[in-house]
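# Chains, contacts and geometry: an overview
Take a look at the letters that make up each chain.
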Amino acid sequence: MTRKNEEIDKPRSNCGIVGVYNHPQASLMTYFALHALQHRGQEAAGITSFYYDEKKKKKKYAYTKGEGLVLDIFSDPKLFTDVLKGDIAIGHNRYSTTGSSKRANIQPFNISYHGGILSLAHNGNLTNTMTLRKQLDKEGAIFTTTTDTEIFLHLAANSKKKEPKEQILEALKIVKGAYSLVIISEDSLMVARDPYGFRPMSIGRIKNKDGSYAYVAASETCALDIIGAEYIRSVKHNEFLVINRKTVETGEMESYKILDKTPEAKHCIFEYIYFSRPDSKIFGHNVDKVRRKLGKNLARESHVIKPSGEKVTVFGVPDSGNTAALGFARVNDRDFGPAAFEIGLIRSHYVGRTFIAPGQKSREFKVKVKFNPVKGVIVNRNVVVIDDSIVRGTTSKTLISLIREAHPKEINMRITSPPIKFPCHYGMDFPSSEELIANHYDSEEEIGKAIGVDSLHYLSMEKLLESVPQEEGIGYCTACFDGNYPVKIEKNHTKLVTED
Ligand code: SF4
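Residues numbered from 1 in each chain as written. Predicted model: local features only at pLDDT ≥ 70, side-chain atom pairs only at ≥ 80, totals over all residues. Heavy atoms only, no water.

### Points about the pattern of salt bridges
Basically, it comes down to this: The salt bridge criterion pairs a side-chain nitrogen of Lys or Arg with a carboxyl oxygen of Asp or Glu, the two atoms within 4 Å. Only DSSP runs of H or I with at least four residues qualify as helices, and only runs of E with at least two residues qualify as strands; both kinds are numbered from the N terminus onward.
This model, assessed by the stated rule, comprises 17 salt bridges. Between Asp-319 and Arg-347 there is a salt bridge, and its shortest N-O distance comes to 2.7 Å. Here the residue Asp-319 occupies a position in the loop between strand 18 (312-316) and helix 11 (320-336), and Arg-347 occupies one in strand 20 (residues 345-347), the gap between them amounting to 28 residues. One network of salt bridges, with partners in common, ties together Arg-40, Arg-199, Glu-220 and Glu-271.

Here is the structure:
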């Protein structure tokens, strides 16, 4: 069954993916890269590697997967030398958006079929899942998971085309929705972004000791940084890339279009606002720079000045609010009235999703465990708290009451996105529309009152769009704010054919 959303008070990214080709320690590189992408999925992770079996004289696959964090699942160093052998590997971190987090649903998915072996990892959500699963069921396909991802492999295995890359490309033309993919066949690493390019994906390379290059594909460039890979470029929307021996020899990657006509991209704007790490490049741009701009535009739209000339104290809700708070404080101070950036909240880095607080059921305690206000920074000050979004409003309300306990003169809240009013169907986990606080009140004043702040402002759509990179042929998905879904959503597309 789909995961329950009661606890969600931030949208959740569902996956981080990595692929490594031509590296003597491919699985180890994948492991480090997955660790850097841990923020994109903390429920489960898996790595598959392909190696040559000398006895059987053929390529075989090995995999390890489990529930929990990357560091815990792959804690035995022998895994990388004795099990996950070979110079090609892919990996996946997951939250479940379609399909539960049961073991069979943990990616990568591996198959042996008439064309050899394939392994695939997916970030995103398909929107024609039900139609395709029904159709494949009729044709005799047996599904072993409850996810939309398995569809890619069934379509490829059903293809009449000869080569794996042709089979995969054919499958990509049939599926609809959001996908960034890494796929390995016996002799190649394939990487794809859907025609609208909702999710990011970048390519890098590492120089091996023998002088050849290893190629790496990853959701965000922080995963390239951790393994010392040099950034080459972002995979384009509507692009299917094949990296093989020829790439190692010539440096050329094979690039194909998925649809003959490339539509305007619809990059997920929330990747910039919240999901991606600020030290990453996504869609070819630095996240940090965009977040600062969001903060700056927020200050232009809704600065805080005191007639007395008193300085206001600006701080972010860690971690995603910090960079925007810097931008806000800078513009507020330079163009409107005195403001200083401070660290007003400390976040515990040791609270995972599985944190258990015996005997403490209250939300207040859960928020207290995660955040602690820095009292000396807040007491007797006019504070401006910068956050990226308000979802259900429950955590914001509790957080504000904690900040109040530190006795500020007033609390002004500023949000670096417009109000969230609609669910995401492209791979992010949001609560239902009824649970979103913005659907319960008519104005930001009312929402502000409900969460207990003295003033509240959400960044306008106009300023949001002005803050993100402007390029020809590149647009943005803003559906969770305005309900304009770029790809049609099939009714019940996340309802699973096989329930757990
Ligand atoms: S609906 Fe929102 S979260 Fe989902 S892809 Fe669009 S912008 Fe991103």
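There is more to say after this.
### A short note on the sheet that holds strand 19 (residues 339-341)
Our working definition: Whether two strands pair depends on DSSP finding at least two bridges between them. In this analysis, axes come from line fits to C-alpha atoms, helices being fitted only over the stretch in contact, and the angle between any two N-to-C directions falls in the range 0 to 180 degrees. It only takes one pair of heavy atoms within 4.5 Å for two residues to be counted as in contact.
Ordered by their spatial adjacency, five strands build an open sheet running 19-18-22-23-25, and the pairing between neighbours is parallel. Each edge of the sheet is formed by a strand with only one pairing partner; in this case those strands are strand 19 and strand 25 (455-458). Going across the sheet, the axis of each strand differs from the next one's by a mean of 20 degrees, ignoring polarity. Here helix 10 (residues 287-302) sits on the sheet in contact with strand 22 (382-387), strand 23 (410-415) and strand 25, set at roughly 125 degrees to strand 25. Packed on one face of the sheet, helix 15 (residues 444-451) meets strand 23 and strand 25 and runs near 125 degrees to strand 25.

### Observations concerning the environment of Ser-49
We count it as follows: Whenever a nitrogen or oxygen atom comes within 3.5 Å of another N or O atom, the pair is scored as a polar contact, on the condition that within protein one atom can donate a hydrogen and the other can accept it, and that pairs from neighbouring residues in sequence are kept only if both atoms are in side chains.
Mapping Ser-49 onto the fold places it in strand 3 (residues 44-53). Separated by 41 residues in sequence, Ser-49 and Ile-90 have C-alpha atoms that sit 6.6 Å apart. Here Ser-49 is in contact with Lys-60, Tyr-61, Ala-62, Val-83, Leu-84, Lys-85, Ile-88 and Ala-89, once residues within four sequence places are set aside. One polar contact links the side chain of Ser-49 to the main-chain carbonyl oxygen of Lys-85, over a distance of 2.6 Å.

### So, unusual backbone geometry
The residue after Gln-107, namely Pro-108, is reached through a cis peptide bond having omega 0 degrees. Structurally, Pro-108 is set in the loop between strand 5 (88-94) and strand 6 (109-113). The omega torsion of the bond from Pro-318 to Asp-319 falls at -10 degrees, within 30 degrees of zero and hence cis. The phi angle at Asn-380 is positive, at roughly 60 degrees, despite the residue not being glycine.

### Quick word on the site of the ligand
Heads up, the condition is: What makes a residue near a molecule or strand is one non-hydrogen atom of that residue sitting within 4 Å of it. For this classification, Asp, Glu, Lys and Arg are treated as charged, while Ala, Val, Leu, Ile, Met, Phe, Trp, Tyr, Cys and Pro are nonpolar and the rest, including Gly, are polar.
Around the ligand, the neighbouring residues are Arg-199, Cys-268, Ile-269, Phe-270, Cys-424, Tyr-426, Met-428, Phe-430, Cys-477, Ala-479 and Cys-480. Here the residues of the shell around the ligand are counted per class, giving ten nonpolar, no polar and one charged.

### Digging into the confidence of the model for the chain
Selection criterion: Note: pLDDT gives the predictor's confidence per residue, expressed from 0 to 100.
Looking at the chain, pLDDT values average 92 and 93% of them are 70 or higher. Taken as a whole, residues 1-6 scores under 50 in pLDDT and shows 21 contacts with residues more than four places along the chain or in a different chain. Segment residues 495-500 is flagged for pLDDT under 50; beyond a separation of four residues in sequence, or across chains, it makes 16 contacts in the model.

### Considering the nonpolar core
Inclusion rule: Among buried residues, those of type Ala, Val, Leu, Ile, Met, Phe, Trp, Tyr and Cys that are joined through side-chain atoms within 4.5 Å constitute a nonpolar core. Residue exposure (1.4 Å probe, protein chains only): buried if accessible area is under 20% of the type maximum, exposed if over 50%, otherwise partly exposed.
Ranked by internal contacts, the top residues of the largest apolar core, which has 44 residues, are Phe-270, Tyr-272, Val-314, Ile-386, Ile-420, Phe-430 and Phe-481. Put simply, the parts of the chain that give this core at least two residues each are strand 15 (265-268), helix 9 (269-275), helix 10, strand 18, helix 11, strand 22, strand 26 (474-477) and helix 17 (479-482). In this structure, Phe-481 is in contact with Ile-269, Phe-270, Ile-273, Ser-417, Pro-418, Pro-419, Ile-420, Lys-421, Phe-422, Met-461 and Leu-464, ignoring residues within four places of it in sequence. Formed by 30 residues, the second largest nonpolar core is a distinct cluster that contains Ile-47, Leu-84, Val-216 and Ile-227.

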